[in-house]
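Secondary and tertiary structure notes
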Amino acid sequence: MRILVTGGAGFIGSNFIVYMLNKHADCKIFNVDLLTYSGNLNNLIKVENNPNYKFIKADIANRTEVNQIFKLGIDAVVNFAAESHVDRSIMAPDIFVKTNVLGTQVLLEEARLNKVSKFVQISTDEVYGSLGEEGFFNEETPLLPNSPYSASKAGGDFLVRAYYETYGLPTVITRCSNNYGPFQFPEKLIPLIIVNALSEKAIPIYGDGLYIRDWLYVEDHCSAIDLVLNRGVNGEVYNIGGNNERTNLQLAKTVLRELSKPETMIQFVQDRPGHDRRYGIDSKKIRSQLGWNPMYDFETGIRNTIHWYLQNQDWWKDIEAGEYRNYYLKQYGTRMSVNQ
Ligand SMILES: Cc1cn([C@H]2C[C@H](O)[C@@H](COP(=O)(O)OP(=O)(O)O[C@H]3O[C@H](CO)[C@@H](O)[C@H](O)[C@H]3O)O2)c(=O)[nH]c1=O
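Basis of the calculations
Residues numbered from 1 in each chain as written. Predicted model: local features only at pLDDT ≥ 70, side-chain atom pairs only at ≥ 80, totals over all residues. Heavy atoms only, no water. Near = heavy atom within 4 Å. Polar contact = N/O pair within 3.5 Å; in protein donor to acceptor, adjacent residues only side chain to side chain. Helix = DSSP H or I, 4+ residues; strand = E, 2+ residues; numbered from the N terminus. Nonpolar A, V, L, I, M, F, W, Y, C, P; charged D, E, K, R; others polar. Buried < 20%, exposed > 50% of the residue type's maximum accessible area, 1.4 Å probe, protein only. Arc of directions from axis to C-beta. Pairing = 2+ DSSP bridges. Axes fitted to C-alpha atoms, helices over the stretch in contact; angles between N-to-C directions. Contact = heavy atoms within 4.5 Å.

1. As for the site of the ligand
- Near the ligand there are 24 residues, and of these Asp125, Glu126, Tyr149, Arg213 and Arg272 occur at the shortest range.
- For the ligand, an oxygen atom lies 2.9 Å from a polar atom in the side chain of Asn248.
- Residue assignment for the shell around the ligand shows that the elements contributing at least two residues are helix H6 (189-198) and strand E8 (203-206).
- Per-element accounting of the shell around the ligand gives the leading share, three residues, to E8.
- The residue inventory of the shell around the ligand, partitioned by class, reads eleven nonpolar, seven polar and six charged.

2. Some remarks on helix H11 (residues 313-321)
- For H11, every residue scored as buried is listed here: Trp315, Trp316, Ile319 and Glu320. Viewed along the axis of H11, the buried residues span an arc of 125°, placing them on a single side of the element. Those residues of H11 that are exposed and angled more than 90 degrees off the buried face are Asp314, Asp318 and Ala321.

3. Overview of the sheet that holds strand E1 (residues 2-6)
- If you walk across this open sheet you meet the seven strands as E3-E2-E1-E4-E5-E6-E10, and the pairing is parallel. One side of each edge strand has no neighbouring strand; the edge strands of this open sheet are strand E3 (53-57) and strand E10 (237-240). Across the sheet, the mean angle separating the axes of adjacent strands is 20° when strand polarity is ignored.
- As judged from the four bridges shared by E1 and strand E4 (residues 76-79), these two strands associate in the parallel manner. What sits directly across from Thr6, in E4, is Asn79.
- Against the sheet, helix H4 (residues 93-113) touches E1, E4, strand E5 (118-124) and strand E6 (171-176), its axis set at about 165° to E5.
- Together, E1, E4, E5, E6 and E10 form the strand contacts of helix H7 (residues 218-231), whose direction differs from that of E5 by roughly 145°.

Below you can see the structure in the form of structure tokens.
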């Protein structure tokens, strides 16, 4: 199968490419990535010389570029490419609409014209909005996005649905909970905690720290997408979750304990506007219909992740030295001084 993976230089996309090339000798992967601030070809060093792997720098929202890529002969598309950080979407929503909505539509249109056999849209549980203390999101839960990021992902999902209903494009949507693992950009909570702790910097925790996320180890997410790509039923949505709900505060304390760092590094800062209180995923459907089972419990996953960041300090120190550092100071420098 000749698979177009978009956003393959990002965290989940790069993990997926390595996973697929290791697992399937017969798949050829075309990785299309714009290499924005969080895309990093260093994530793919293990496979860069693999004859079944090819990188192409392009923007999924650029029709001309996407049209050229489909001329290579594409059987299936897995669309990871997205602006994904909620805080950034609050500061600059326009780029989220461009990539997550327009980019998805451009890909869908070329996929339709080129008659691909599968289009997998990688979405998020955030499109469902926020939960209270009880209940879970299932695939029938209405979409109630609260941030510009989740609204743009919901927009992409609606277009995917429309291409299935209107044109019969063989689409499937996956909605996952919070991922963690190697190569995650340190703007997201878990790598941010690890990197800050190792750099002796404060750990910023928004609001009361009692917000809850359901954590999924990235390799388990990759195995779920592989199943959906091969066996997912067209027109369907599959939720993917780790059943590992933790408050942000619990998480920060766990990581600090693993690193033998004091809890006094935690600093409560101003809350995120429109902050979703809790996400909890009901993933019975993919478990019972496609036989998916996560391999990693949270304790193993978090230890692997911490170990990876300890072993790969050059990877994140390079990132910290770049443009990201300015962004970080702008974002957290202000938040912290407000509360000090
Ligand atoms: C960066 C940061 C985050 N937080 C809080 C906000 C959230 O309650 C929680 C996790 O934040 P984030 O790592 O930004 O992730 P979150 O907003 O949940 O969204 C993630 O998970 C989603 C899936 O649920 C993905 O669709 C998003 O792309 C991904 O960014 O930690 C803090 O308390 N302090 C921080 O410095």
